[in-house]
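Each chain, written out:
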Number of protein chains: 4
Amino acid sequence: MALQIAVIGSGVENEARAEEVGRLIAERGATLVCGGLDEVMAAAARGAKTKGGVTVGILPGESRAQANPWIDHAVVTGTGHARNLAVAASGDAVIAVGGSFGTLTEIAYARILGRPVVILDPGWDAGLDGVDRAESPEEAVDLAVRRAQTRRV
Amino acid sequence: MALQIAVIGSGVENEARAEEVGRLIAERGATLVCGGLDEVMAAAARGAKTKGGVTVGILPGESRAQANPWIDHAVVTGTGHARNLAVAASGDAVIAVGGSFGTLTEIAYARILGRPVVILDPGWDAGLDGVDRAESPEEAVDLAVRRAQTRRV
Amino acid sequence: MALQIAVIGSGVENEARAEEVGRLIAERGATLVCGGLDEVMAAAARGAKTKGGVTVGILPGESRAQANPWIDHAVVTGTGHARNLAVAASGDAVIAVGGSFGTLTEIAYARILGRPVVILDPGWDAGLDGVDRAESPEEAVDLAVRRAQTRRV
Amino acid sequence: MALQIAVIGSGVENEARAEEVGRLIAERGATLVCGGLDEVMAAAARGAKTKGGVTVGILPGESRAQANPWIDHAVVTGTGHARNLAVAASGDAVIAVGGSFGTLTEIAYARILGRPVVILDPGWDAGLDGVDRAESPEEAVDLAVRRAQTRRV
């Protein structure tokens, strides 16, 4: 089973960075996991697909029609915001690109479960112990892959 | 996005039938979705992999280490038996191979959400309206694919 | 902590029976747990309140405004149909009054978790092992309370 | 239906403050909602019971035997850390007393759903927009009740 990297976050202003993160994840041969919807989730998935990567979208609603066009495999949870736990838990490491309170639930869930988290600056700055920070998409993916490989869940 | 067929059920006595169902799903080019654990879930995934198919395992626990060896993409829900909703909802159609009360929750969830359900006989016989029955793995997969194609979720 | 009896089911035609079940649960001093919405859930809660009972409604949505007027304590799960697991699991015993596929998920979840289930006839007839049947609200509540007291979860 | 105030947090060092918060919630006639387990959850519930209040515990596991002794009504979710969404969503307002990453998921969920949040200092300091801070249990409960009354969910 390939390494799985979850990309979380939101905000149209973060799409370019998210797309680059997605491209780099695919180039590393890892599977991209995300929430399957728009903005950062769509941009990251699009980036992965431009490099021949594989994408899994974990959706909050009850239909896979919610998925953005770059999702290969849609998981339809039907559990609303509770699906944020599944997004975080399904990553061997988690990269946060921008984001709001939903992203914060995912960062916190990842830490509860011991998943390494990398925040691509600028992003949540919250006295979050045990969370790495990266200054570029390259550094974020490098750190995430390295952390995931040394501590597989 | 490829068609997704969920295979549900349990019981070691049903593994041979489940493996054949998995093989046939892969030959049709559909992605196999299952609960990611043992018995019917493992047999169906193994069958799909012998034919070059793709498998998604939606796990109840908090670690992908739970996944059987034939799962390509593990979704770690952390929500216990509530993940049965996600298994049912993630199939464009659902095939039940044997099974106990967990399988029954998945059949019922599939019906709530309008997913076509095919029960491979012998299996639950419960006055379940709107549920097809099939006498062989071939018939089960044929019916599931046909129903899924005429009513994509 | 008082005994908790979950009442599940649906259908306006079952409201009178559900209300009687709610009254009898309150007279026994047990807390009534239900899904908090309309039809059987509302009727059972209304019955309990007419006898001074206590009611807990476990809601699928994201707002307590969903709760029927006879709910004392609203639990807002935000997890859609996955909340059916919580309804079943929160009963020391479960009584089914009519119902459709949602009710079937709750019956099956109750059995997975070892909660005693009493189906008030007519109701699901589905080769459901380990499920008691009762011919009247009195018999249903008697059975549920007895089963719950001898096997507390 | 009475006002519902959710108390979240953890840490034995915060139990005294949590117990005082629980007492004050009961004196205001509000129902105390919490995660039903130990430390801050138990202390808050104990405080509420010493003043004749009502307590609801929303448990992560599959048995009400998990509940602390001061829980009147146990909701058994069976969904692990995903139950944090239900704890946050079930409060008309939320008070955080200390706490770690689990508490952070609840604060963030509360904000996603528009529930007012009061952090009893010292506690998470994380650039959390729209979150009030209080310096004493009295101030925390005053703020929470006022915010809940002016913006009922």
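Residues numbered from 1 in each chain as written. Chains lettered and ligands numbered in written order. Predicted model: local features only at pLDDT ≥ 70, side-chain atom pairs only at ≥ 80, totals over all residues. Heavy atoms only, no water.

Caption draft 1: Spotlight on the sheet that holds strand E3 (residues 55-59) of chain A. Residues and elements named next belong to chain A. Read from one edge to the other, the open sheet built from seven strands follows the order E4-E3-E2-E1-E5-E6-E7, with strand pairing classed as parallel. The open sheet has two edge strands with one neighbour each: strand E4 (73-76) and strand E7 (131-134). Direction aside, neighbouring strands of the sheet carry axes that sit 25° apart on average. In the packing of helix H1 (residues 15-27) onto the sheet, the strands contacted are strand E1 (4-10), strand E2 (31-34), strand E5 (93-98) and strand E6 (117-120), and the crossing angle to E5 comes to about 155°. (Pairing = 2+ DSSP bridges. Helix = DSSP H or I, 4+ residues; strand = E, 2+ residues; numbered from the N terminus. Axes fitted to C-alpha atoms, helices over the stretch in contact; angles between N-to-C directions. Contact = heavy atoms within 4.5 Å.)

Caption draft 2: Spotlight on the relation of the copies chain A and chain D. For the pair chain A and chain D, the relating rotation is 180°, the translation along its axis is 0.0 Å, and the fit reaches an RMSD of 0.0 Å. What the superposition gives is, in effect, a two-fold axis relating one chain to the other. Both copies share a contact surface, since 100% of the interface residues of chain A are interface residues in chain D too. (Least-squares fit on C-alpha atoms with pLDDT ≥ 70 in both.)

Caption draft 3: Region of interest: the packing of aromatic side chains. Residues and elements named next belong to chain D. All chains considered together, the criterion is met by six aromatic pairs over all chains. When the centroid spacing of 5.7 Å and the interplanar angle of 50° are considered together, the rings of phenylalanine 101 and tryptophan 124 count as tilted. On the criterion of sequence distance, the pair formed by phenylalanine 101 in helix H4 (residues 101-112) and tryptophan 124 in the loop between strand E6 (117-120) and strand E7 (131-134) is long-range, its members being 23 residues apart. Like phenylalanine 101, the residue tryptophan 124 is buried in the burial classification. (Phe/Tyr/Trp six-rings, centres within 6.5 Å; stacked < 30°, edge-to-face > 60°. Buried < 20%, exposed > 50% of the residue type's maximum accessible area, 1.4 Å probe, protein only.)

Caption draft 4: Structural context of the interface of chain B and chain A. Contacts between the two partners involve 31 residues from chain B and, on the opposite side, 31 residues from chain A. Contact between chain B and chain A buries roughly 2,200 Å² in total, counting both sides, with carbon and sulfur atoms accounting for 55%. Remark: the boundary between chain B and chain A carries two salt bridges. A salt bridge links arginine 64 of chain B to aspartate 92 of chain A, with the nearest nitrogen and oxygen atoms 2.3 Å apart. Listed by contribution, the elements that provide at least two residues to the side of chain B that touches chain A are strand E3 (55-59), strand E4 (73-76) and helix H3 (83-89) of chain B. Take the side of chain B that touches chain A: its biggest share by element is four residues, from E4 of chain B. Here the side of chain B that touches chain A is built from residues that sort into 17 nonpolar, eight polar and six charged. (Buried area = accessible area lost by both parts, 1.4 Å probe. Salt bridge = Lys/Arg side-chain N within 4 Å of Asp/Glu carboxyl O. Nonpolar A, V, L, I, M, F, W, Y, C, P; charged D, E, K, R; others polar.)

Caption draft 5: Representation of the confidence of the model for chain A in the model. Here chain A averages 95 in pLDDT, while 98% of its residues score no lower than 70. Scoring the predicted complex yields pTM 0.97 and, for the interface, ipTM 0.96. (pLDDT = per-residue confidence, 0-100.)

Caption draft 6: Representation of the relation of the copies chain B and chain A within the structure. Screw-axis analysis of chain B against chain A gives a translation of 0.0 Å along the axis, an RMSD of 0.0 Å, and a rotation angle of 180°. Interface residue correspondence from chain B to chain A reaches 100%, placing this contact among same-surface, isologous pairings.

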